[in-house]
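Results of the structural survey
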Amino acid sequence: MDNSNSVSNPRIHWTIALVPLAVLIALQVLVIQRFGSDALDGASQTALLIAAAVAVAMGMIFFKVPWKSIDHAISDNVKTIGGAILILFLIGAVAGSWMLSGVVPTMIYYGMQVVSPAVFLFIACLISALVSLVTGSSWTTIATIGIALMGIGTAHGYSMGWTAGAIISGAYFGDKISPLSDTTVLASSVGEVPLFKHIRYMLITTVPSFTIAFVVFFVVSLLHAEEGGAQTAQFAEGLKSVFVISPWLLLVPAVTAILIALKLPATIVLFLSAVVAGVAMLILQPDIVQEVGEGSAFRGLLRSYYGGTSLDAGNEVLSNLVQTRGMRGMLSTVFLIFCAAAFGGAMAGTGMLQSLTAALAKGIKGRRSLVTTTIGTGLVANMVTGDQYLSIVLTGNIYKKLYKEKGFEGRLLSRSTEDSATVTSVLIPWNTCGMTQSLVLHVPTLTYLPYCFFNILSPLMSITVAMVGYKIYRTKKSDSAC
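About the thresholds
- Residues numbered from 1 in each chain as written.
- Predicted model: local features only at pLDDT ≥ 70, side-chain atom pairs only at ≥ 80, totals over all residues.
- Heavy atoms only, no water.
- Helix = DSSP H or I, 4+ residues; strand = E, 2+ residues; numbered from the N terminus.
- Buried < 20%, exposed > 50% of the residue type's maximum accessible area, 1.4 Å probe, protein only.
- Contact = heavy atoms within 4.5 Å.
- Areas by Shrake-Rupley, 256 points an atom, 1.4 Å probe, with all protein chains shown as cover.
- Expected span 1.5 Å × (residues − 1).
- Bend = angle between axes of the 7 residues up to and from the residue.
- Axes fitted to C-alpha atoms, helices over the stretch in contact; angles between N-to-C directions.
- Parallel < 35°, antiparallel > 145°, perpendicular 65-115°, else oblique.
- Left-handed = near helix turned anticlockwise from the far one by under 90°.
- Nonpolar A, V, L, I, M, F, W, Y, C, P; charged D, E, K, R; others polar.
- Core = buried A, V, L, I, M, F, W, Y, C linked by side-chain atoms within 4.5 Å.
- Salt bridge = Lys/Arg side-chain N within 4 Å of Asp/Glu carboxyl O.
- Phe/Tyr/Trp six-rings, centres within 6.5 Å; stacked < 30°, edge-to-face > 60°.
- Lys NZ or Arg CZ within 6 Å of the ring centre and 35° of its normal.
- Patch = residues over 30% accessible without salt bridge, like charges linked within 9 Å, V, L, I, M, F, W, Y side chains within 5 Å.
- Polar contact = N/O pair within 3.5 Å; in protein donor to acceptor, adjacent residues only side chain to side chain.
- pLDDT = per-residue confidence, 0-100.

As for the overall build of the chain
Along the chain, the regular secondary structure elements total 24 helices and 0 strands. The 482 residues of the chain split such that 57% are buried. In the chain, the share of contacts with a sequence separation of at least 24, taken over all contacts with a separation of at least 6, comes to 78%. As displayed, the chain has an accessible area near 19000 Å², and 67% of this comes from carbon and sulfur atoms.

Right, dumping it as structure tokens:
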């Protein structure tokens, strides 16, 4: 979405523009304190709508912004989320079918035999990075291999926060440097930089951040007390008592990998992956299909895709692990996406978001303040719009002209945008990424946030590199070099 046509009202001082954002943050804090992980069931969405209403009321009553301008901005935001919603529903279908077909249980079963607890976080981060690099999608990675790794981590006695942090760190690293990633392509396009030139430049900040995170996960794995031996055996027996565990089921992720290698769109890959898993379910898990479908195999297959299911696996932890939500379980997140788009549109349509970013830009003199402000804007945009795609486009469009005026190459803008808008989205509870990954992994956003070392380090590393001035290229001579 290009926000260049949005209202930019110079009468709205940036301190006034902070009011809807402050309302949103205050409401979200109350919501999380009151509802915890159940905040997605309507409370977070309501908070977004109330904050949007505050922005609209202030814009129309005090600054005479016409409703048509606000409505246009909201509509533009909503138009951009269609692809994300489709992918979200397909992720629900894949998660449900991969679980009930026995694919995820088989991966967990064999993974517990192969991956030692002493290196688990290290391996989980590495596998997630490799899969995300190949798929170009952190969402797809987390919804497939991520779920299996969560099960293995639980069996080995790791906390949900540590395991989710390792998975998310790896997934977002691979996503950032993959030429198949939509966010990477989007950031390079906004910065008007060739894709591979953008990726090579990102390595300067991305590799050090990932290396530090990698070392942390490795050390923590080595220090982990191997207390999960009995629980691992219990998990293995529980899985075998419910599912048919077979190496043939590994053909499903293998087929998915082939589809990815053929560079098919993510929506097609996810759809076909769910179909293949459904066939495997009918062949290898007939008893489960009959149980879920209450005697009807067809109904059981559809429920694996759409409805939530639960199976008794012998103990509470394992039974919760093999629960599925399907596409229906994604409805709350879809609702959240629409509400976030409404809030972002209200802020942009009234000119409040532009006032905030204009205030940030006033103190920019050279590369240090420029990159720092860009990073801050990406983070604020993630909080305000609730969507990483909107944040990338918004941040890039706001600073594109300024980078050119200051004489800095576009790849500095594209890298700074990715180091903020892309990686921090998953850390914000009401952002589409934060809510989605929390829902998929069954871990509250604020629980895994402290352990997402790569996502936390990336913006800090980008600022550090700018401070040092390492490989900061200029297009023309300027006195404001720092």
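What about helix 10 (residues 195-223)?
Compared with the 42 Å implied by 1.5 Å per residue over 29 residues, the 40 Å span of helix 10 between its first and last C-alpha is a close match. At L203, helix 10 shows its maximal kink, close to 45°.

Points about the packing of helix 13 (residues 266-284) against helix 15 (residues 297-305)
Put simply, helix 13 and helix 15 touch, their axes get as near as 11 Å, and they point 140° apart. Considered as vectors, helix 13 and helix 15 are oriented oblique to each other. The interaxial crossing formed by helix 13 with helix 15 has right-handed handedness. On helix 15, the residues that touch A274, V275, G278, M281 and L282 of helix 13 are A297, L301, S304 and Y305. Class assignment of the residues belonging to the contact of helix 13 with helix 15 gives a composition of 7 nonpolar, 2 polar and no charged.

Observations concerning the nonpolar core
Counting 78 residues, the largest nonpolar core has I91, W98, F120, I142, I168 and Y172 as the members making the most contacts within it. A per-element tally of this core places helix 4 (residues 82-100) first, with 11 residues. Dropping the residues within four chain positions of it, F120 is found in contact with V115, L149, I152, G153, H156, Y158, T163 and S221.

Focus: the pattern of salt bridges
Under the counting rule described, the total for this entry stands at 3 salt bridges. D419 serves as the salt-bridge partner of K176, at 2.3 Å between the closest nitrogen and oxygen. Note that K176 is positioned in helix 8 (residues 160-177) and D419 in helix 21 (residues 410-424), a separation of 243 residues in sequence. K176 gets classed as buried once you look at its relative accessible area, which sits at 0%. Between R299 and E294 there is a salt bridge; the shortest N-O distance is 3.9 Å. You can call R299 partly exposed: its relative accessible area is 37%. Each of E294, R299 and R303 takes part in one network of salt bridges that share partners.

Here's the deal with the packing of helix 10 against helix 24 (residues 453-468)
Where helix 10 contacts helix 24, the two axes come as close as 8 Å, and the packing angle between them is 140°. By the angle class used here, helix 10 and helix 24 are oblique. Helix 24 is crossed by helix 10, and the crossing has right-handed handedness. Two secondary-structure elements touch here, helix 10 through I204, T205, T206, P208, S209, F210, I212, A213, V216 and F217 and helix 24 through F453, F454, L457, S458, M461, S462 and V465. Grouping the constituent residues of the contact of helix 10 with helix 24 by class yields 12 nonpolar, 5 polar and no charged.

What to know about the packing of aromatic side chains
Per the stated rule, a full pass over the model turns up 11 aromatic pairs. Centroid distance F122 to F214: 4.5 Å. Interplanar angle 35°. Geometry classified as tilted. With F122 in helix 6 (residues 120-135) and F214 in helix 10, this residue pair connects regions lying 92 residues apart in the sequence. Grouped by ring-pair contacts, the aromatic residues F122, F173, F210, F214, F218 and F454 constitute a single cluster. Above the face of the Y201 ring, R411 is positioned so that its terminal group lies 4.8 Å from the ring centre. Taking NZ or CZ as reference, R415 lies 4.1 Å from the ring centre of Y201, over its face.

Looking at a nonpolar patch on the surface
A cluster of nonpolar residues, I258, L262, L264, I268, F271, L272, V275, V279, L282 and I283, forms a patch on the protein surface that exposes about 870 Å² of accessible area. For the nonpolar patch, the leading source of residues is helix 13, giving 7 residues. Structurally, the position occupied by I268 is in helix 13.

Things to note about the side chain of S101
Mapped onto the elements, S101 comes out in the loop between helix 4 and helix 5 (103-114). For S101, a relative accessible area of 0% corresponds to the buried category. Engagement of the side chain of S101 in a polar contact is seen with the backbone oxygen of W98, the distance being 3.3 Å.

Quick look at the side chain of S128
Structurally, S128 can be placed in helix 6. Take S128: its relative accessible area is 0%, and that puts it in the buried class. Those residues in contact with S128 that lie beyond four places of it in its chain are T141, L149, I167, G170 and A171.

Some remarks on the confidence of the model for the chain
Looking at the chain as a whole, its pLDDT mean stands at 81, while 87% of the residues score no less than 70. Per-residue pLDDT stays below 50 along residues 1-8; that stretch engages in 24 contacts with residues further than four places along the chain or on separate chains. Note on residues 478-482: pLDDT is under 50 here. Beyond four places in sequence and across chains, it has 11 contacts.

Let's talk about the environment of K365
Within the secondary structure layout, K365 lies in the loop between helix 18 (352-361) and helix 19 (367-385). Taking relative accessible area as the criterion, K365 reaches 63% and is therefore assigned exposed.

Examining helix 8
Helix length check: helix 8, at 18 residues, gives a terminal C-alpha distance of 26 Å against a target of 26 Å (1.5 Å per residue), a fit within 8%. The buried fraction of helix 8 amounts to 17 of the 18 residues, a majority that puts the element mostly inside the structure.

Here's the deal with unusual backbone geometry
Residue K64 is not a glycine yet carries a positive backbone phi of 55°. Here K64 is to be found in the loop between helix 2 (43-62) and helix 3 (67-79). Unusually for a residue other than glycine, E294 sits at a positive phi of about 55°. Locating E294 in the fold gives a position in the loop between helix 14 (286-292) and helix 15.

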